[in-house]
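Results of the structural survey
So you can see what is in the structure, the chains are spelled out below.
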Amino acid sequence: MSTAFSALSKAADVAPLDDEELLKVLHFRLFSAKQAKRRSKWFIGRLYNRFSGEQPDYIPLSGSHLRQVLKLATISPPADVTSSAKCHLRVDVAQDAYNALERIVADKVASS
């Protein structure tokens, strides 16, 4: 059962997301980074961040999602990043992409 769940999880990381799904993923990742930053101010929080793998300055993304986010931030994605790669993106770049995507989604909602 866990093998099937793992395979589905990996497939979800590789598949490109639509704008609303990507917005939700970025929202969650940015929230987690903010929480990690808040925790990093005290020793137990830094220890928690280390064991949980959360970082205050970077968010984890798959290669395919990294490409989508970089395009939103008007940055050319690297050609050598595979879809299944595990990547880390700076929080400031992710926030810029989130803001751009939020405007795109709001425009789509307003026009429909």
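Scroll up a little and you will see the structure.
Heads up: these notes are all about the structure in this document. (Residues numbered from 1 in each chain as written. Predicted model: local features only at pLDDT ≥ 70, side-chain atom pairs only at ≥ 80, totals over all residues. Heavy atoms only, no water.)

Summing up its helical and strand segments, the protein chain has five helices and two strands in all. Along the protein chain, helices and strands appear, N-terminal first, in the series α-α-α-β-α-β-α. The proportion of buried residues among the 112 residues of the protein chain is 29%. Considering only contacts in the protein chain between residues 6 or more positions apart, those separated by 24 or more positions represent 63%. (Helix = DSSP H or I, 4+ residues; strand = E, 2+ residues; numbered from the N terminus. Buried < 20%, exposed > 50% of the residue type's maximum accessible area, 1.4 Å probe, protein only. Contact = heavy atoms within 4.5 Å.)

With that settled, the discussion passes to the nonpolar core. It is characteristic of soluble globular proteins that their nonpolar side chains tend to be buried jointly. Leu26, Ile59, Leu66, Val69 and Leu89 are the most contacted members of the largest nonpolar core, which has 21 residues in total. Among the secondary structure elements, those contributing two or more residues to this core are helix H2 (19–39), strand S1 (58–62), helix H4 (63–72), strand S2 (86–90) and helix H5 (91–111). Sort the elements by how many residues they give to this core and H5 lands first, with six residues. Every residue in contact with leucine 89, bar those within four places of it in the chain, is listed here: Asp57, Tyr58, Ile59, Leu61, Leu66, Val69, Leu70 and Ala94. (Core = buried A, V, L, I, M, F, W, Y, C linked by side-chain atoms within 4.5 Å.)

What follows is about the side chain of histidine 65. Positionally, histidine 65 belongs in helix H4. At a separation of 3.0 Å, a polar atom in the side chain of histidine 65 contacts the main-chain carbonyl oxygen of alanine 15. (Polar contact = N/O pair within 3.5 Å; in protein donor to acceptor, adjacent residues only side chain to side chain.)

With that settled, the discussion passes to H2. Here H2 is 21 residues long and its end C-alpha atoms lie 30 Å apart, about the 30 Å a rise of 1.5 Å per residue gives. Of all the positions in H2, only Leu22, Leu23, Leu26, Leu30, Ser32, Ala33, Ala36 and Arg39 are classed as buried. Tucked into the core, H2 has its buried residues touching helix H3 (43–52), S1, H4 and H5. (Expected span 1.5 Å × (residues − 1).)

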